[in-house]
Amino acid sequence: RADTPTRRDERRRGTRDERTTTMRATTSARARIANANALKATTKRIARGARGTRGAVRVEAKRTADGPKVVIAGITGAVGQEFLRVLKERDFPYSEMKMLASARSAGSKVDFDGETYVVEELTESSFDGQDIALFSAGGSISKKFGPVAVEKGCFVVDNSSAFRMTDGVPLVIPEVNPEAMAHLKLGGKAGIIANPNCSTIIALMAVTPIHRAVGVERMVVSTYQAASGAGALAMKELEQQTREVVNDGECKTMEIFQWQYAFNLFSHNAPMTENGYNEEEMKMVKETRKIWDFKDVNITATCIRVPVMRAHAESINLTLKNPLDEVKAKEILSSAAGVSIIDDRAANRFPTPLDATDNDDVYVGRIRQDISQPNNKGLDLFVCGDQIKKGAALNAVQCAELLLK
């Protein structure tokens, strides 16, 4: 067949299409590799400084003869191990330390502050003569053993949802509502202090200073939640899936979630409720009202699981009771305890989960007026916080510190 100009044009277009497809495939592969490397780097940062060469946790803390006797229930989990790091970083005083876990983990060893501890099985007798117990072993374990610990005179700071909405149990973020547990002091009558949900903590660290200044009438939150919120096994599965997709082109391991997690995102895996919200979203609604002791705030949330290792991100839209411009909002947030600002519009530089990873502060940026709401009564924020640290272990240890003051 004659090589006409039309056929030559068709061949050129075909070649361009092939080149475009190849470039897109190459770019996609590079992106997958970059994401995998970022996840691996994050995993290494998690491990670095927290584990010795034998895999045991190695940290130092402030041991004193007159310090409280401390129990960690759930030592083998991600938050349990983070407890040790935070205790060390904050020089939390203690005289004795006890490591508890399930029967399956009993007998394993943890190095802490120059000593090797044998992990003990969690039983009712575990709290005899103890002063403070940090719980992160799941709601059912907390419900079973938390009251037992209190009966034996041991204060409980619980990281599960077991007691958060229980009347008489303070739900505390120390920078937000320390007065809620002011009646609880070491040496007095023991009680339970509930740690809020990680997404609630991260959101309210940023929003409470605004609420105190001008009042918040409505809060719309979209969360982008890391693997760490589902535990150490979810973090391992994300890393494994990433390796499989990058190296083999397909995801083979799906044991924690029913969907592929690497290079994907999905609605939060918490159970759904009758109103169409999942339990994670309803936790944010109910817990915010309890922490603020303020029922007249309307809250809606959409919670999403994203393939990030250990720091959550949240997009927050506020309707304010009184006007507030973005300049004043930034001033308020800049002076708030536990909050850092990353808000450089010229450089398009705002908070990322990697900024928050391994750090105590909650990071806030994208501070801007909501142009859909008139009279400076709308504000948008983007927030990132380390889910294991401020969202769990750090907040719990801060509550334990309040027991000593």
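Before going into details, it helps to say that this report is about the structure given with it. Throughout, residues of each chain are indexed from 1 in the direction in which the sequence is written. Confidence filtering applies because this is a predicted model: local features only for residues at pLDDT of at least 70, side-chain atom pairs given and counted only at 80 or more, and all residues used for totals across whole chains, interfaces and linings. Where side-chain values are given, they derive from all heavy atoms of the structure, hydrogens and water being excluded.

### With respect to the overall build of the protein chain
Here comes step 1: Broken down by element type, the protein chain carries nine helices and 17 strands.
Here comes step 2: Think of it in three bands: with a 1.4 Å probe and only protein chains considered, a residue is buried below 20% of the maximum accessible area for its type, exposed above 50%, and partly exposed in between. Here the protein chain holds 405 residues, and the buried ones make up 50% of them.
Here comes step 3: Residue exposure ignores everything except the shown protein chains as possible cover, and the areas themselves are Shrake-Rupley values with a 1.4 Å probe. For the protein chain, the accessible surface area stands at approximately 19,000 Å², while carbon and sulfur atoms represent 48% of it. Secondary structure elements follow DSSP: runs of H or I of four or more residues count as helices, runs of E of two or more count as strands, with numbering from the N terminus.

### Quick look at the pattern of salt bridges
Here comes step 1: A side-chain nitrogen of Lys or Arg and a carboxyl oxygen of Asp or Glu constitute a salt bridge if their distance falls within 4 Å. All told, the structure shown has 20 salt bridges when counted by the stated rule.
Here comes step 2: Ionic pairing is found between Asp 128 and Lys 152, a salt bridge with its closest N-O pair at 2.7 Å. Of the two residues, Asp 128 is situated in the loop between strand S7 (120–121) and strand S8 (132–135) and Lys 152 in the loop between helix H3 (139–151) and strand S9 (155–158); the sequence distance between them amounts to 24 residues.
Here comes step 3: Here Asp 128 falls in the partly exposed class, since its relative accessible area comes to 41%.
Here comes step 4: With relative accessibility at 35%, the residue Lys 152 sits in the partly exposed group.
Here comes step 5: Here Lys 252 ties to Asp 248 by a salt bridge, and the two come within 3.5 Å at their closest N and O atoms.
Here comes step 6: Taken together, the shared-partner salt bridges in this structure form one network comprising Glu 82, Arg 85, Arg 310, Asp 358 and Asp 386.

### With respect to the sheet that holds strand S2 (residues 69–73)
Here comes step 1: Whether two strands pair depends on DSSP finding at least two bridges between them. Strand order in this open sheet of six strands is S7-S4-S2-S8-S9-S10, and the pairing throughout is parallel. Two strands close off the open sheet at either side, each with one partner strand: S7 and strand S10 (192–194).
Here comes step 2: Across four bridges, S8 lies against S9 in parallel orientation. Among the inter-strand pairings, Ile 132 is bridged to a residue of S9, identified as Phe 155.

### Considerations on the pairing of strand S6 (residues 115–118)
Here comes step 1: Pairing between strand S5 (residues 109–112) and S6: four bridges, direction antiparallel. In the strand pairing of S6, Val 110 is matched with Tyr 117.
Here comes step 2: Linking S5 back to S6 in an antiparallel pair, the connection comprises two residues, with Asp 113 at a positive phi of about 55°.

### Some words on the sheet that holds strand S17 (residues 378–386)
Here comes step 1: Spatially, seven strands are ordered S12-S13-S11-S14-S17-S16-S15 in an open sheet, and the strand pairing comes out mixed. Both outer strands of the open sheet, strand S12 (266–267) and strand S15 (339–341), are each paired with one neighbouring strand and no more.
Here comes step 2: Across five bridges, the pairing between strand S16 (residues 362–369) and S17 is antiparallel. Paired with Val 364 across the strands is Val 383, a residue of S17.
Here comes step 3: For this analysis, residues touch if any pair of their heavy atoms sits within 4.5 Å. Whenever a helix is involved, its axis is fitted only over the stretch in contact; in every case the axis is a line through C-alpha atoms, and angles between N-to-C directions fall within 0 to 180 degrees. Contacts from helix H4 (residues 198–214) reach strand S11 (216–225), strand S14 (311–320), S15, S16 and S17 within the one sheet, and its direction differs from that of S14 by about 30°.

### Re the packing of H4 against helix H6 (residues 279–292)
Here comes step 1: With their axes 10 Å apart at the nearest point, H4 and H6 run at an angle of 45° to one another. With respect to their mutual orientation, H4 and H6 come out oblique. In this structure, H4 crosses over H6, and the sense of that crossing is right-handed. From H4, Cys 198, Ser 199, Thr 200, Ala 203, Leu 204, Val 207, Thr 208 and His 211 reach across to H6, where they touch Glu 280, Lys 283, Met 284, Glu 287, Thr 288, Ile 291 and Trp 292.
Here comes step 2: Tallied by class, the residues present in the contact of H4 with H6 amount to seven nonpolar, five polar and three charged. Should an angle fall under 35 degrees it is taken as roughly parallel, and over 145 as roughly antiparallel, whereas 65 to 115 is taken as roughly perpendicular and any remaining angle as oblique. What makes a crossing left-handed is the near helix being turned counterclockwise from the far one by less than a right angle; a clockwise turn instead makes it right-handed. Throughout this entry, Asp, Glu, Lys and Arg are counted as charged residues, while Ala, Val, Leu, Ile, Met, Phe, Trp, Tyr, Cys and Pro are counted as nonpolar. The remaining residues, Gly among them, count as polar.

### What about the pairing of S8?
Here comes step 1: Burial along S8 is two-sided: Ile 132 and Leu 134 and Ala 133 and Phe 135, pointing in opposite directions, are all buried.
Here comes step 2: Taken together, the four bridges between S2 and S8 define a ladder with parallel strand orientation. When the sheet's bridge partners are listed, Ile 72 is paired in S8 with Leu 134.
Here comes step 3: By convention, a crossover is right-handed whenever its connection, traced from the first strand over the helix to the second and viewed with the strands pointing away, goes clockwise. On the question of chirality, the crossover connecting S8 to the parallel S9 by way of H3 is right-handed.

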